[in-house]
Amino acid sequence: MLAGLTAGAVEDAETRARTRPLATVEQLALAQPAARDALAALAPADRVKIIAEVKRASPSRGDLADIPDPAHQAGLYETGGASAISVLTEGRRFKGSLADLEAVKASVSLPVLRKDFIATPYQVFEARASGADLVLLIVAALEQPLLAELHELVLELGMTPLVETHSLDEVHRAADIGARLVGVNARDLSTFELDRDLFGRLAEHIPADAVKIAESAVLTPADVGHYRAAGADVVLIGEALVTGDPVATLTNFLEAGA
């Protein structure tokens, strides 16, 4: 599943590159205002922080919400107390786009994450050109030299890499490249099975100077409390926020992670 999603995202990027070449995207990226400081926004605090996700669909759950106005959705997240906004830009299975990212970035004052299956420098330049402050890098989708190359490029462009892991080996690989934001995804992107306790088993192996982010398997305030008790500084939440009242849900989740 992960290999297919990554291959599809790269193919779609290559299609875009035929009408907007790398040189053009590089110029647009370098012309952007400085990225927002995601490390400061997500720094450990006396309560959990939340990255709230604009997410229409997923391969595991199908359609979740129409979200005709992603900027409005993101505005509700900011009102509800989110510390950053994640925007799915993958179009085939998640029904997102870079236009969603651009609309969200223009409407909120929070750092904005491009969440996609990034495997080429072109996609990183695209992210900055569209205003992204953070870029997701999935360790399982990348060989170590490419992971290191893309991580360095994200930093060179002034953005923050969110390095996603799903095993102890991947946590070590994230540490080896100096990742400062390390996510543990409870969902195995190869099988899409969930393991809510995975974060707790891996958290102690994440470097002490890195922000620890728990991803997936969050539907109730108890899930947030579970992750906070296991050492999460930040929880990334999508489905629960797009299928209910975002402001009320965020309020309840933040209270649970206090």
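Scope of this entry: the structure provided in the associated data block. Everything quoted here is computed from the prediction, not taken from an experiment. (Residues numbered from 1 in each chain as written. Predicted model: local features only at pLDDT ≥ 70, side-chain atom pairs only at ≥ 80, totals over all residues. Heavy atoms only, no water.)

Thoughts on the overall build of the chain
Then step 1. Each helix and strand in the chain was counted, giving 12 helices and 10 strands.
Then step 2. Computed over the C-alpha atoms, the radius of gyration of the chain is 17 Å, within 12% of the 18 Å expected from 2.2 N^0.38 for a compact globule of 258 residues.
Then step 3. Residue pairs in contact within the chain that sit at least 24 positions apart in sequence constitute 68% of those at least 6 positions apart.
Then step 4. Approximately 10200 Å² of the chain is accessible, and the part contributed by carbon and sulfur atoms is 52%.
Then step 5. One finds the centroid of the 23 positive side-chain charges in the chain at a distance of 3 Å from the centroid of its 37 negative side-chain charges. (Helix = DSSP H or I, 4+ residues; strand = E, 2+ residues; numbered from the N terminus. Rg over C-alpha atoms; globule rule 2.2 N^0.38 Å. Contact = heavy atoms within 4.5 Å. Areas by Shrake-Rupley, 256 points an atom, 1.4 Å probe, with all protein chains shown as cover. Lys, Arg positive; Asp, Glu negative; His and termini not counted. Charge placed at Lys NZ, Arg CZ, Asp CG, Glu CD.)

Notes on the sheet that holds strand β7 (residues 160–165)
Then step 1. The strand order around the closed barrel built from 8 strands is β1-β4-β5-β6-β7-β8-β9-β10, with neighbouring strands paired in parallel fashion. Averaged over all neighbouring strand pairs, the angle between strand axes comes to 25 degrees, with direction disregarded.
Then step 2. Its contacts with the sheet place helix α5 (residues 98–107) against β1 (49–54), β4 (84–88) and β5 (112–115), and it is angled at close to 175 degrees to β5. (Pairing = 2+ DSSP bridges. Axes fitted to C-alpha atoms, helices over the stretch in contact; angles between N-to-C directions.)

So, helix α1 (residues 2–19)
Then step 1. Counted at 1.5 Å a residue, the expected span for α1 with its 18 residues is 26 Å, and the 27 Å between its end C-alpha atoms agrees.
Then step 2. Within α1, the full set of buried residues consists of L2, L5, T6, G8, A9, V10 and A13.
Then step 3. Close packing links the buried residues of α1 with α6 (121–129) and β6 (134–138). (Expected span 1.5 Å × (residues − 1). Buried < 20%, exposed > 50% of the residue type's maximum accessible area, 1.4 Å probe, protein only.)

A word on the packing of aromatic side chains
Then step 1. This structure, assessed with the given rule, holds 2 aromatic pairs.
Then step 2. Residues F94 and F117 carry aromatic rings whose centres are separated by 5.9 Å and whose planes lie at 40 degrees to one another, so their mutual orientation is tilted. Of this pair, F94 sits in the loop between β4 and α5 while F117 sits in the loop between β5 and α6, and the two are 23 residues apart along the sequence. Like F117, F94 is buried. (Phe/Tyr/Trp six-rings, centres within 6.5 Å; stacked < 30°, edge-to-face > 60°.)

Topic: helix α8 (residues 168–176)
Residues separated by three or four positions in an α-helix point in the same direction, a consequence of the helix having 3.6 residues per turn.
Then step 1. Here α8 has its buried residues at E170, V171, R173 and A174. Mapping the buried residues of α8 onto a view down its axis gives an arc of 160 degrees, with all of them on the same face.
Then step 2. G178 sits one or two residues past α8 and shows a positive phi near 80 degrees. (Arc of directions from axis to C-beta.)

Quick notes on the side chain of E164
Then step 1. Relative to the assigned elements, E164 resides in strand β7.
Then step 2. For E164, the residues in contact, after removing those within four places along its chain, are L136, L137, I138, V139, E170, G183, N185, L189 and E215.

Overview of the nonpolar core
Then step 1. Y77, I85, M159, Y227, V235 and I237 are the most contacted members of the largest nonpolar core, which totals 68 residues.
Then step 2. Of the residues forming this core, the biggest block, 5 residues, is contributed by α6.
Then step 3. Among residues more than four places away in sequence, those in contact with Y227 are A186, R196, F199, A214, E215, S216, A217, V218, A232 and V235.
Then step 4. Formed by 22 residues, the second largest nonpolar core is a distinct cluster that contains L42, I138, L181 and F192. (Core = buried A, V, L, I, M, F, W, Y, C linked by side-chain atoms within 4.5 Å.)

Some remarks on the environment of E170
Then step 1. Within the secondary structure, E170 sits in helix α8.
Then step 2. Here the alpha-carbon distance between E170 and I138, two residues 32 residues apart in the chain, equals 9.3 Å.
Then step 3. Every residue in contact with E170, bar those within four places of it in the chain, is listed here: V139, A140, E164 and T165.
Then step 4. Within the structure, E170 has its side chain in polar contact with the backbone nitrogen of H166 (distance 2.7 Å). (Polar contact = N/O pair within 3.5 Å; in protein donor to acceptor, adjacent residues only side chain to side chain.)

What to know about the environment of S109
Then step 1. Here S109 lies in the loop between α5 and β5.
Then step 2. Among the residues examined, S109 registers a relative accessible area of 53% and is labelled exposed.
Then step 3. Excluding its chain neighbours within four sequence positions, the residues that come into contact with S109 are R36 and E78.
Then step 4. Looking at S109, its side chain comes within polar contact range of the side chain of E78, at 2.4 Å.

What about the packing of α6 against helix α7 (residues 144–156)?
Then step 1. Orientation of α6 relative to α7, taken along the N-to-C sense of each, is 20 degrees, at an axis distance of 10 Å. Compared by their axis directions, α6 and α7 come out roughly parallel. The chirality of how α6 crosses α7 is right-handed. Contact residues: α6 offers P121, V124 and F125, while α7 offers E149, L150, L153 and V154. (Parallel < 35°, antiparallel > 145°, perpendicular 65-115°, else oblique. Left-handed = near helix turned anticlockwise from the far one by under 90°.)

Interpretation in functional terms is not warranted from these geometric data alone.
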